[in-house]
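The chain contents come next:
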Amino acid sequence: MDQDERLLHASSFGAAAVEYAEHRPDYAQAAVRWALEPAPGLRVLDLGAGTGKLTAGLVALGAEVVAVEPDPAMLAELRRSLPGVRALPGTAEAIPLPDASVDAVLAGNAMHWFDMAVAGPEIARVLAPGGVLAGLWNVLDDRVEWVAGLARVGGSAAVGPRDTPAAWRAETAGMHLPKTGGAARFGSPEQAEFPHGQRRTADSLVAALATRAGLLVMPEQEREAALGRIRAFLAGGPETARGEFTLPMLTGVLRSRRL
């Protein structure tokens with residue numbers, strides 16, 4: 001994905017902010033705890049916070065959270081759902097916080113949008129000594145046969161390059177590093193995966209997949225055709241055709257310490 005395409009995808013979510021808040025999953029609490037485990041304290045920046053899916057989990061763990069989000073519609077939804085959280089406009093490349101003001105920077109399904117050549121120094125700047133950077137991603141557990149079938153039918157627009165466990169491990173291993181050969185700001189990464197799941201119906205799963213960037217930027221006719229194929233697949237599967245079911249997932253975490 002080139003820079004222009006990356007920016008188009010990254011800026012696509014605001015148009016679906018309400019649907020994103022309704023249908024996107026939260027993160028496994030065990031994964032959030034593991035991400036924070038080495039941090040020197042519980043002052044946490046949720047960077048690229050979206051509508052607050054990760055923010056809410058951090059609050060539940062007793063963290064002192066600041067959320068930063070560039071998209072006005074996503075930020076408004078976060079403020080509506082979590083009025084007690086300090087939520088600021090900003091980007092990973094220009095964080096509106098003082099030096100050494102947080103113990104951890106976490107990013108939920110957002111770190112792949114960061115320009116780490118610029119964001120890396122910014123994240124390191126706001127982290128206290130010994131601070132932690134962690135990216136979290138929810139991925140579909142395609143070790144389950146029907147989930148693997150969904151991935152095939154949905155295609156790369158619905159189930160992207162970080163949306164299954166093996167692909168996630170490969171795509172995120174160097175996510176904390178600048179892509180342009182600049183100085184590394186973070187130490188060797190650790191990756192871990194934690195079981196997760198989300199109660200869905202066929203309709204609500206289609207609605208959730210419709211908030212993926214690859215589908216949001218599609219021409220309307222192509223988008224509806226892709227969603228139609230997914231609906232037909234779910235309607236024909238014994239696990240998904242009737243009522244509620246659990247979508248098997250994992251929360252993957254990439255964790256690194258500030259150098």
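Residues numbered from 1 in each chain as written. Predicted model: local features only at pLDDT ≥ 70, side-chain atom pairs only at ≥ 80, totals over all residues. Heavy atoms only, no water.

Draft legend 1. Main features of the overall build of the protein chain. A tally of regular secondary structure across the protein chain gives 11 helices and seven strands. The C-alpha radius of gyration of the protein chain comes to 18 Å, within 12% of the 18 Å expected for a compact globule of 259 residues. Expressed along its principal axes, the backbone C-alpha trace of the protein chain runs to roughly 55 × 35 × 35 Å. Of all 259 residues assigned to the protein chain, the portion counted as buried reaches 56%. Of the contacts formed within the protein chain by residues at least 6 apart in sequence, a portion of 75% connects residues at least 24 apart. Per element, the accessible surface of the protein chain, about 11,200 Å² overall, is 54% carbon and sulfur. Side-chain charges of the protein chain comprise 25 positive and 30 negative groups, with the mean position of each set lying 4 Å from the other. (Helix = DSSP H or I, 4+ residues; strand = E, 2+ residues; numbered from the N terminus. Rg over C-alpha atoms; globule rule 2.2 N^0.38 Å. Buried < 20%, exposed > 50% of the residue type's maximum accessible area, 1.4 Å probe, protein only. Contact = heavy atoms within 4.5 Å. Areas by Shrake-Rupley, 256 points an atom, 1.4 Å probe, with all protein chains shown as cover. Lys, Arg positive; Asp, Glu negative; His and termini not counted. Charge placed at Lys NZ, Arg CZ, Asp CG, Glu CD.)

Draft legend 2. Broad picture of the packing of aromatic side chains. Scanning the model with the defined rule gives three aromatic pairs in all. On the basis of an interplanar angle of 50 degrees and a centroid distance of 6.0 Å, the ring pair of Trp34 and Phe194 is categorised as tilted. Of this pair, Trp34 sits in helix 3 (residues 29-36) while Phe194 sits in strand 6 (residues 190-200), placing them 160 residues apart in sequence. When its relative accessible area of 14% is taken as the criterion, Phe194 is described as buried. A ring pair is formed by Trp146 and Phe245, whose centres lie 5.6 Å apart and whose planes are at 90 degrees; its orientation type is edge-to-face. On the criterion of sequence distance, the pair formed by Trp146 in helix 7 (residues 145-158) and Phe245 in strand 7 (residues 245-257) is long-range, its members being 99 residues apart. (Phe/Tyr/Trp six-rings, centres within 6.5 Å; stacked < 30°, edge-to-face > 60°.)

Draft legend 3. Quick look at the environment of Gly243. Positionally, Gly243 belongs in the loop between helix 11 (220-235) and strand 7. Each C-alpha atom of the pair Gly243 and Arg152 lies 23 Å from the other, and the pair is 91 residues apart in sequence. With residues near it in sequence (within four places) discarded, Gly243 still touches Arg200 and Thr201.

Draft legend 4. Main features of the pairing of strand 1 (residues 43-47). Of all five residues making up strand 1, four are buried, and the element is well covered by its neighbours. Here strand 1 runs beside strand 2 (residues 64-69); their pairing, made up of five bridges, is parallel. When the bridges of strand 2 are listed, Leu47 appears paired with Val68. Bridge count between strand 1 and strand 4 (residues 102-108): three bridges; the pairing is parallel. When the bridges of strand 4 are listed, Leu45 appears paired with Val105. (Pairing = 2+ DSSP bridges.)

Draft legend 5. Broad picture of the packing of helix 9 (residues 202-209) against helix 11. Packing of helix 9 against helix 11 brings their axes to within 10 Å, and their N-to-C directions diverge by 150 degrees. It follows from the interaxial angle that helix 9 and helix 11 lie roughly antiparallel. As for the relative orientation of helix 9 and helix 11, their crossing is right-handed in sense. Contact with helix 9, carried on its side by Ala202, Leu205, Val206 and Leu209, involves Leu227, Ile230, Arg231 and Leu234 of helix 11 and no other residues of that element. (Axes fitted to C-alpha atoms, helices over the stretch in contact; angles between N-to-C directions. Parallel < 35°, antiparallel > 145°, perpendicular 65-115°, else oblique. Left-handed = near helix turned anticlockwise from the far one by under 90°.)

Draft legend 6. Here's a closer look at the sheet that holds strand 3 (residues 86-89). Taken together, the seven strands give an open sheet; going across it, the order is 3-2-1-4-5-7-6, and neighbouring strands pair in mixed fashion. For this open sheet the edge positions go to strand 3 and strand 6, each flanked by a neighbour on one side alone. With direction set aside, neighbouring strand axes in the sheet form an average angle of 25 degrees. The strands that helix 7 touches are strand 5 (127-140) and strand 7; relative to strand 7, the one it contacts most, it runs at about 80 degrees. Helix 8 (residues 165-172) rests against strand 5, strand 6 and strand 7 of the sheet, and its axis sits at about 140 degrees to strand 6.

Draft legend 7. Spotlight on the nonpolar core. Residues Leu45, Leu47, Leu97, Val105, Met111, Phe114 and Ile123 are the most contacted members of the largest nonpolar core, which totals 28 residues. Mapped onto this core, the elements with two or more residues apiece are strand 1, strand 2, strand 4, helix 6 (116-126), strand 5 and strand 7. Element by element, the count of residues in this core is highest for helix 6, at five residues. (Core = buried A, V, L, I, M, F, W, Y, C linked by side-chain atoms within 4.5 Å.)

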